[in-house]
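Descriptive analysis of the structure
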Amino acid sequence: MAERRSELGMPKPDMTPMIDCVFQLMIFFMLTLKIVAAEGNFDINMPRGAIECNADPLAQDLKVRLNADANGHLKNIQFGNRNLGNDERAFAQLNEEVLRSIGGQPGGPAAKDAEVELDADYNLHYSYIVKAVSACTGRFDKRTNQVVRYIEKIKFAAPKNRGTTD
């Protein structure tokens, strides 16, 4: 009789229902998972610390201010404390000022560390902001048919709804 029990063996449990249950639980949790996109800007700009007297002026951030009139048209461009005007020549002059600020050498060591901060009025038309970004990042060289890059890093100041009295 001992031989018969060994021939019959122990009954094996059926694993199929357990596997089905595990897969159903996995599918349930995958379908109910909410993937949330990362919020905010994670490009952290650490403070430079105390500015020394002999600090390199090229390492400073370049500030460009775009003022708008009541209709959203460009009133003037300011580079640092200088007023550059409000026409197409102002964007060309902004381009020259940025090149001068990085030492006159596109792609040089000063250009890699430089960063332009654009501060535009809230109601300014977007086309003026695009022109300012283009003027700050470089120019198109017609002789070589190539784009000459000045600065890669451009950041935008938080928009402020400044009331205009024009």
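Just above sits the structure.
Below: a short report on this structure. (Residues numbered from 1 in each chain as written. Predicted model: local features only at pLDDT ≥ 70, side-chain atom pairs only at ≥ 80, totals over all residues. Heavy atoms only, no water.)

1. Points about the overall build of the protein
Worth spelling out the cut-off: Only DSSP runs of H or I with at least four residues qualify as helices, and only runs of E with at least two residues qualify as strands; both kinds are numbered from the N terminus onward. Whether a residue is buried, partly exposed or exposed follows from its accessible area with a 1.4 Å probe, protein chains only, as a fraction of its type maximum: under 20%, in between, or over 50%, in that order. Note on definitions: a residue-residue contact is assigned when non-hydrogen atoms from the two residues lie within 4.5 Å. Only the protein chains shown count as cover for residues, and the accessible areas themselves come from Shrake-Rupley with a 1.4 Å probe.
Regarding its fold elements, the protein presents 5 helices and 7 strands. Along the protein, helices (α) and strands (β) appear in the sequence α-α-β-β-β-α-α-β-α-β-β-β when read from the amino end. Counting all 166 residues of the protein, 27% fall into the buried class. A separation of at least 24 residues holds for 58% of the contacts in the protein among residues at least 6 apart in sequence. On the protein, roughly 12,900 Å² of surface is accessible, and the fraction owed to carbon and sulfur atoms is 57%.

2. Observations regarding the side chain of Glu-115
Stated precisely, the cut-off is as follows: In protein, a polar contact requires one atom able to donate a hydrogen and another able to accept it; more generally it is a pair of N or O atoms within 3.5 Å, and residues adjacent in sequence count only if both atoms are side-chain atoms.
Within the element layout of this structure, Glu-115 appears in strand β4 (residues 115-120). A polar atom in the side chain of Glu-115 sits 3.3 Å from the side chain of Lys-155.

3. Structural notes on the side chain of Asp-121
When you line up the elements, Asp-121 lands in the loop between β4 and α5 (126-137). Residue Asp-121 is classed as buried on the basis of its relative accessible area of 6%. Looking at Asp-121, its side chain comes within polar contact range of the side chain of Arg-65, at 2.4 Å.

4. Observations concerning the pattern of salt bridges
As a reminder of what qualifies: Here a salt bridge means any side-chain nitrogen of Lys or Arg lying within 4 Å of a carboxyl oxygen belonging to Asp or Glu.
Inspection of every chain in the model, using the stated rule, returns 8 salt bridges. Ionic pairing is found between Glu-117 and Lys-63, a salt bridge with its closest N-O pair at 2.9 Å. One end of the pair, Glu-117, is in strand β4; the other, Lys-63, is in strand β1 (residues 62-68), with 54 residues separating them in the sequence. Residue class for Glu-117 comes out buried when judged on its relative accessible area of 18%. Across the pair Lys-131 and Glu-88 runs a salt bridge, and its minimum N-O distance is 2.8 Å. A residue pair is termed long-range when its members are at least 10 positions apart, and Lys-131 in helix α5 and Glu-88 in helix α3 (residues 88-101) qualify at 43 residues. With relative accessibility at 34%, the residue Lys-131 sits in the partly exposed group.

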